[in-house]
Amino acid sequence: MPDVRSLLRSSLVWPVLALLALVVLNVVVNPGFLSIRLQDGRLYGSVIDILRNGAPVLLVALGMTLVIATRGIDLSVGAIAAISGAVACVQIAGSSQESAAATAIVAMSMALAVAVLLGLWNGFLVSVLGIQPIIATLVLMTAGRGLAMLVTDGQITTVNNPTFRLIGAGFFLAVPVAVLVALVVFAATAILTRRTALGMLIESVGINPEASRLAGVRSRTIIWTVYVFAAFCAGIAGLMIAANTSAADANNAGLWIELDAILAVVIGGTSLAGGRFSLTGTFVGALFIQTLATTIPTIGIPAETNYLFKAVAVIAVCLLQSPQARGALAARRSSTRAKAGVA
């Protein structure tokens, strides 16, 4: 019994159970939901689609996890994703060798460089000027779409480059490249934050920035770094989104992905108050968000209600994770048992 109680107190158990519940619901509605087939050397199936479509959300959520761990927030990641895709597509479309691999490599490098610069800007506003993160990143969230529209001249820019398309819709060893890229970034982030002192420094800054500064931790550098990393992840996600359709749509690319990322982080058990964070929880949260987005139209509910169900799911998971809610529920159960014993 004590083991069960300790398990229920884990921040991962409820997101995992919620994800399993969604999977069961999908299997009931569509018995072939979990089936995966190999066709023309590529894996296909609903699960593969969820993993591939969820790769950009996972990438953005990884960066968001570290930002939130420092008591911050980054609302500009969707705009950065749109700018990244716009820069890459405009560069490819304007090249005299549009379909060349070198053109795609240069374009993607330029897009990621722009994303890093935008991350440096966000980090500068937050860590150096001391502007509240929600205000500092709201500036770029608002202006970023306009910047992406400026890059594309307000048009949907289409490209024809097999190398560029590979990152969004390609396969390697039968697995979608987008999934492999997201897993590589996830593994690298986990190693850097859990096998080095970086993770501890991030948590210390999130728990108490002033105490960390007095202890010799360069909190300004840490905060600056996580915003750059979040922008870098958003840049990769933007490339995936643009490459999947071979087009840059400044209005819709990465639209509301910042909300999906925040939801994934919260569902995964990372507190918005900063401090301890869980990359594994974020991974589960991202899978939950994408599975939920797939489930809603599958069971016949209009896709427009997507965010309503996401909000309900987040509230439910957060209540289950809340010590206050669990304490109140436990007290109610004890009171009920006591009354039953008296009776």
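Residues numbered from 1 in each chain as written. Predicted model: local features only at pLDDT ≥ 70, side-chain atom pairs only at ≥ 80, totals over all residues. Heavy atoms only, no water.

Chemist: Before we go on, may I ask you to explain the overall build of the protein chain in this structure?
Modeler: On a plain count of helices and strands, the protein chain comes out with 15 helices and six strands. Every one of the 343 residues in the protein chain was classed for burial, and the buried ones make up 45%. When contacts within the protein chain are restricted to residue pairs at least 6 apart in sequence, those whose partners lie at least 24 apart make up 77%. Carbon and sulfur atoms form 67% of the exposed surface of the protein chain, whose accessible area is close to 16600 Å². (Helix = DSSP H or I, 4+ residues; strand = E, 2+ residues; numbered from the N terminus. Buried < 20%, exposed > 50% of the residue type's maximum accessible area, 1.4 Å probe, protein only. Contact = heavy atoms within 4.5 Å. Areas by Shrake-Rupley, 256 points an atom, 1.4 Å probe, with all protein chains shown as cover.)

Chemist: Would you explain the pattern of salt bridges in this entry?
Modeler: Once their charged atoms are close, side chains differing in charge can pair, the charge on each being opposite to the other. One pass over the full model with this rule turns up three salt bridges. Between Arg194 and Glu203 there is a salt bridge, with its nearest N and O atoms 3.3 Å apart. Since its relative accessible area comes to 9%, Glu203 is described here as buried. Here Glu203 makes a salt bridge to Arg276, at a shortest N to O gap of 3.9 Å. In this pair, Glu203 is assigned in helix H9 (residues 198–207) and Arg276 in the loop between helix H12 (257–267) and helix H13 (279–298), connecting sequence segments 73 residues apart. Taking the relative accessible area as the measure of exposure, Arg276 reaches 61% and is therefore exposed. (Salt bridge = Lys/Arg side-chain N within 4 Å of Asp/Glu carboxyl O.)

Chemist: Can you help me understand the nonpolar core in this one?
Modeler: The tendency in soluble globular proteins is for nonpolar side chains to be buried as a group. With 82 residues, the main nonpolar core has Met64, Phe164, Leu239 and Phe288 as its most contacted residues. Considering each element in turn, this core owes the most residues, 14 residues, to helix H11 (residues 219–245). The contacts of Phe164, once residues within four sequence positions are left out, are Ala88, Cys89, Ile92, Ala104, Met108, Val159, Leu239, Ala242 and Ala243. (Core = buried A, V, L, I, M, F, W, Y, C linked by side-chain atoms within 4.5 Å.)

Chemist: Just to check I follow, could you spell out the packing of helix H8 (residues 177–194) against H9 for this structure?
Modeler: Two measures define how a pair of helices packs: the angle their axes make with one another and the distance between the axes. Look at H8 against H9: their axes get within 5 Å of each other, and the N-to-C directions meet at 75°. Compared by their axis directions, H8 and H9 come out roughly perpendicular. Contact residues: H8 offers Leu192, Thr193 and Arg194, while H9 offers Leu198, Gly199, Met200 and Glu203. Across the contact of H8 with H9, the residue classes break down as three nonpolar, two polar and two charged. (Axes fitted to C-alpha atoms, helices over the stretch in contact; angles between N-to-C directions. Parallel < 35°, antiparallel > 145°, perpendicular 65-115°, else oblique. Nonpolar A, V, L, I, M, F, W, Y, C, P; charged D, E, K, R; others polar.)

Chemist: What am I meant to see in helix H4 (residues 77–93) here?
Modeler: Side chains three or four residues apart in an α-helix point the same way, a direct result of the helix having 3.6 residues per turn. When the terminal C-alpha atoms of H4 are compared, their 24 Å separation across 17 residues agrees well with the 24 Å that a helix rising 1.5 Å per residue should span. Taken across its 17 residues, H4 has 14 buried, putting it largely inside the fold. (Expected span 1.5 Å × (residues − 1).)

Chemist: Would you explain the packing of aromatic side chains in this entry?
Modeler: The way to describe two aromatic rings as a pair is by their centre distance and the angle between their planes. One pass over the full model with this rule turns up four aromatic pairs. With 5.8 Å between their ring centres and 45° between their planes, Tyr44 and Phe171 make a pair best called tilted. Highlighted residues: Tyr44 in strand S2 (residues 42–44) and Phe171 in strand S4 (residues 171–172), separated in sequence by 127 residues. One aromatic cluster is present, built from ring pairs that chain together Trp121, Phe124 and Trp224. We note Arg194 situated over the ring of Phe277; from NZ or CZ to the ring centre the distance is 4.2 Å. (Phe/Tyr/Trp six-rings, centres within 6.5 Å; stacked < 30°, edge-to-face > 60°. Lys NZ or Arg CZ within 6 Å of the ring centre and 35° of its normal.)

Chemist: I keep staring at the layout of surface pockets and nothing clicks. Help me out?
Modeler: Taking a probe equal in size to a water molecule and rolling it over the atoms shows the remaining empty space. In this structure, the second largest pocket spans a volume of roughly 460 Å³. Lining the second largest pocket are 19 residues, and of these Asn53, Pro56, Ile241, Gly254 and Ile257 sit closest to its centre. Elements supplying a minimum of two residues to the lining of the second largest pocket: helix H3 (46–69), H11, H12, H13 and helix H14 (306–321). For the lining of the second largest pocket, the per-class residue count stands at eight nonpolar, eight polar and three charged. (1 Å grid on protein atoms, 1.4 Å probe; cavity = no way out; pocket = protein on both sides within 12 Å on 5 of 7 lines; lining within 4 Å. Points joined across faces, edges and corners; volume = space filled by probe spheres on them.)

Chemist: Is there a simple way to think about the environment of Gly268 in this case?
Modeler: If you trace the backbone, Gly268 turns up in the loop between H12 and H13. For the pair Gly268 and Thr65, spaced 203 residues apart in sequence, the C-alpha to C-alpha distance is 9.5 Å.

Chemist: What am I meant to see in the packing of H8 against H11 here?
Modeler: Their axes nearest at 11 Å, the elements H8 and H11 cross at an angle of 170°. The angle between H8 and H11 places the two elements in the roughly antiparallel class. Across the interface between the two elements, Ala178, Val181, Ala182, Val185 and Thr189 from H8 touch Phe229, Cys233, Ile236 and Met240 from H11. Taken together, the residues that form the contact of H8 with H11 break down as eight nonpolar, one polar and no charged.

Chemist: How should the environment of Ile83 be read in this particular structure?
Modeler: Mapping Ile83 onto the fold places it in helix H4. Using a relative accessible area of 1% as the deciding quantity, one classes Ile83 as buried. Spatially, the C-alpha atoms of Ile83 and Ala253 are 8.8 Å apart, while their sequence positions differ by 170 residues.

Chemist: Which parts of the structure should I look at to understand a nonpolar patch on the surface?
Modeler: Taken together, the side chains of Leu129, Ile131, Ile134, Ile135, Leu138 and Val139 define a hydrophobic patch exposed on the protein surface, amounting to about 490 Å² of accessible area. Structurally, Leu138 is set in helix H6 (residues 133–152). (Patch = residues over 30% accessible without salt bridge, like charges linked within 9 Å, V, L, I, M, F, W, Y side chains within 5 Å.)

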